[in-house]
Every structure is written in structure tokens, then in C-alpha cells.
Amino acid sequence: MFQQIVTGNAIISVLAVFLALVVGAIMIAFTDERVQAASVYFFARPGDTFVAIWDSVSGAYSALFQGSIYNFRRDTFAAGIRPLTETLTFATPLIAGGLGVGLAFRVGMFNIGGRGQMLIAASIAGWIAFGFDLPWGIHMLVALIGGLIGGALWAGIAGFLKARTGAHEVIVTIMLNYVAFYLVSWMLRTPGLLQAPGSSNPKTPPMKETAIFPALLGPQYNLHFGFILVIIATVVVWWILNRSSLGFRFRAVGENPNAARVAGINVKSMYVYAMLIAGALLGLAGVSQVLGTVTTGFTAGIDAGIGFDAITVALLGRSTPWGIFVAGVLFGAFKAGGFSMQAAEGVPIEIVLVVQSLIVLFIAAPPLVRTIFRLPDPSRRRRAVPNVTKEVKAK
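On a predicted model such as this, the values are computed, not experimentally measured, just so you know. (Residues numbered from 1 in each chain as written. Predicted model: local features only at pLDDT ≥ 70, side-chain atom pairs only at ≥ 80, totals over all residues. Heavy atoms only, no water.)

### Details of the pattern of salt bridges
Under the criterion given, the structure shown has 7 salt bridges. Residue Lys162 is joined to Glu169 by a salt bridge in which the shortest nitrogen-to-oxygen separation is 3.2 Å. An identical accessibility class is assigned to Lys162 and Glu169; each is buried. Across the salt bridge formed by Asp309 and Lys335, the nearest N and O atoms sit 3.2 Å from each other. Of the two residues, Asp309 is situated in helix H14 (residues 306–316) and Lys335 in helix H15 (residues 321–345); the sequence distance between them amounts to 26 residues. (Salt bridge = Lys/Arg side-chain N within 4 Å of Asp/Glu carboxyl O. Buried < 20%, exposed > 50% of the residue type's maximum accessible area, 1.4 Å probe, protein only. Helix = DSSP H or I, 4+ residues; strand = E, 2+ residues; numbered from the N terminus.)

### Brief notes about the domain arrangement of the protein
Taken domain by domain, the protein comprises domain 1 (1–67 + 347–376) and domain 2 (92–336). One C-alpha centre belongs to domain 1, the other to domain 2, and the line joining them spans 32 Å. Taken together, the contacts link 14 residues of domain 1 with 9 residues of domain 2. Summed over both partners, the interface of domain 1 with domain 2 buries about 1,100 Å², with 70% contributed by carbon and sulfur atoms. On inspection of domain 1 and its partner domain 2, the count reaches 0 salt bridges. For the interface between domain 1 and domain 2, the tally reads 1 residue pair in polar contact (both at pLDDT 80 or more). Among the elements of the structure, helix H2 (9–31), helix H4 (46–68) and helix H16 (350–363) are those that each provide at least two residues to the side of domain 1 that touches domain 2. In terms of residues, the side of domain 1 that touches domain 2 owes the most to one element, H16, which gives 6 residues. For the side of domain 1 that touches domain 2, the residue count by class is 10 nonpolar, 4 polar and no charged. (Domains from an automatic or database assignment. Contact = heavy atoms within 4.5 Å. Buried area = accessible area lost by both parts, 1.4 Å probe. Polar contact = N/O pair within 3.5 Å; in protein donor to acceptor, adjacent residues only side chain to side chain. Nonpolar A, V, L, I, M, F, W, Y, C, P; charged D, E, K, R; others polar.)

### Here we look at the packing of aromatic side chains
Any pair of aromatic rings gets described here by the distance separating the centres and the angle formed by the planes. Per the stated rule, a full pass over the model turns up 13 aromatic pairs. Each ring, one from Tyr70 and one from Phe77, has its centre 5.9 Å from the other, and the planes form 35°; the classification is tilted. Taking 5.3 Å as the distance between ring centres and 10° as the angle between the ring planes, the aromatic pair formed by Phe105 and Phe110 counts as stacked. The side chain of Lys162 reaches across the aromatic face of Tyr271, ending 5.1 Å from its centre. (Phe/Tyr/Trp six-rings, centres within 6.5 Å; stacked < 30°, edge-to-face > 60°. Lys NZ or Arg CZ within 6 Å of the ring centre and 35° of its normal.)

Here it is, written out as C-alpha cells:
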């Protein structure tokens, strides 16, 4: 069991996060003015430098914790738990987007068109949310379904082109990102489409109350019904990949498309189905933004970089549904706590981005992590094989 733990992928992800936090601590110490001032007379009083380093790093990570998990400085538990709700709010679109990217990974496709899929889904869901008068519940459901279909169809273009023409999904999804961005930008500047009536700003009207996701814990928190939807999406993706025949075919194509084709699996159809489902998941990320987080009207920047952050979340989660869920919560904590670090300790927000980038770097280089911590290489695991030659000679 110990051998499986130290050679598995999970330990690499955990150690990658740990190494990134260590490097982040070094950067925090180097950029802190108190550490710089104490280092000037380091050889005279080295203790002052180490105390300044400790105060800088511990203060920064303490602010990160209090800004993302629980704030001990608040008077009540309800107020202290607010940072955790902010973490889950930030994590909601990251988890949905990571599921979309991770599912495509399992089929051997690199879906980096999350931005375009989110924008199309957000535009359709937002247009339904502010442009129609429907009863509460039905309005939200129609807007949600419309957004999911929009994201699925936009991603399906890449899947269809790969299946029919062999076009590489990376090139197609990159180009579709630009097409979606400029298409949505044009609609936001055109009266009668997405632009708010009587306004010259490229922004939509606010969403109607009947279409907005309800708050889960009351109006004092930003956590909304979208978080419940991503939990359901995680369970559904887990079931598809691990319990359904479609998931078996997805994994078979991802492992070896030629062998899957010989086994009778329609590989081209799997590419289309995978991109449709992946696009719907990324569409859920866009819908949660316009119906849950930003309900006062949105611009072309509604994706907020989530489409690309989802790639990082999927990598950290090893393209497994529950791994992606945990990774999404972790990156949501970085987003929520990063602002607290900057406000309380003066730590540049860019350091949080560097930590996220280092996580990806270490995830992409498992041999480096194993070398640093002297973990055994799983490819060199030797099984106990009986020595047949000696047995024959003995007989």
C-alpha cells in the first residue's frame, strides 16, 4: 500500500502544491520591505532577518487562510465563515470548466476553447434571462438549458471538424475563442441584440429576478445555486466515465484510438460526443457567471480567464471528476485569499498567479518532484519473478 501511495499520481499533485507554496514563500520573503531592510545588517544580527522572514511568510499565508477559509477576527461564526463561501463561489465555474477540459482529456482531446464556449453560453443564457418574461423557476431553467446547449454546440463544431476532416482541435478551439469573443463584442455594441436599451456601453441589461440562481445561505453571502449544479455535474461526469458504456468507449479512445477502432468503437462519434458534453460543462461555467455571480449585466470579459484556468484545474485534478472538484476548490481559495493577502500584508497579487503557474509546472514534471522528494519511479517497479532456470537445474 505504501508503494502504491508514493508512486501514485495523487502524491505528485499534493507535493506539487507544497513545492509551489514553498517557492511562493521565498518570493514573498524577497519582496517584503521589512526583510530587505533586515538583510542589510544580516551578518551583524542574523536573527532579525529570520524573524522578518517568518513574520512576512506567516502573515501572508495567514491572510490567505483568513481570506479563503475562516476569518478569526470576525465577531460571529456567520461572519467568520464568509471567506469559505467566497471560495466556493469562485470555485463554482472553475470546477465546471475543469470538468469540461478533463473529460476531453480522457478522450485524447485538448479542449482549450473554454473561453469561447463560456461566452456563447453566457450570451444565450443572459439573453433569455433579461429578454423574456417567464415564471420563476421556469425562467431560470430555460436560461440554464439554453446556455448549456449553446456551449455544447460551440464545442461540437471542433468535435465535428476533427471527426470529419481531421482538423486538430487545438487550432480549431483557439480560433473559435476569437470568433466567439468578437461576435459577443459586436452583439454587445449593437442595439437590439445584447446591448442594454438606451446605453452606449457594451454591456447587457441586468438579469431579471425570475432567472437568477437563488442564494444558498441567504442574501448576506454570494454563494448561489450554481454550486449545487457543479456538484451534480461532478457526480454525472464520474458516472459517465466510470459506470457507463459511453465512458468506457471514451477511455478506450483516449488510451488508443486505433485499438478502439479495431474493437468496433466509432472513434469519430466519440470525438463529437465528448466535445458536446465538454462544451455543455463549460457552458455551465458561463451560465453560473451570468445567473449567479454577475447578475447586474455582463461584458465581453465575463469569462474572467476561467476558460484557461480550467485547464490548470483539470491538470491538477488529473482529469478525474473528484480530483478536479478538489482542485477547483483549491484554486477558488487562491482567488479569494489572494485579495486578502494583498490588502492585509501588501503581498503582490501576482505572487498567487506565480504559485498557480508553478503548480502546473510541477504537475507537468513528475520526475522532478520524485527527484526532489526521492520517491520511487513507478516505471521501475520490479515484480518478484521466480527464477525458472535455477529451478530446472535443481531438478
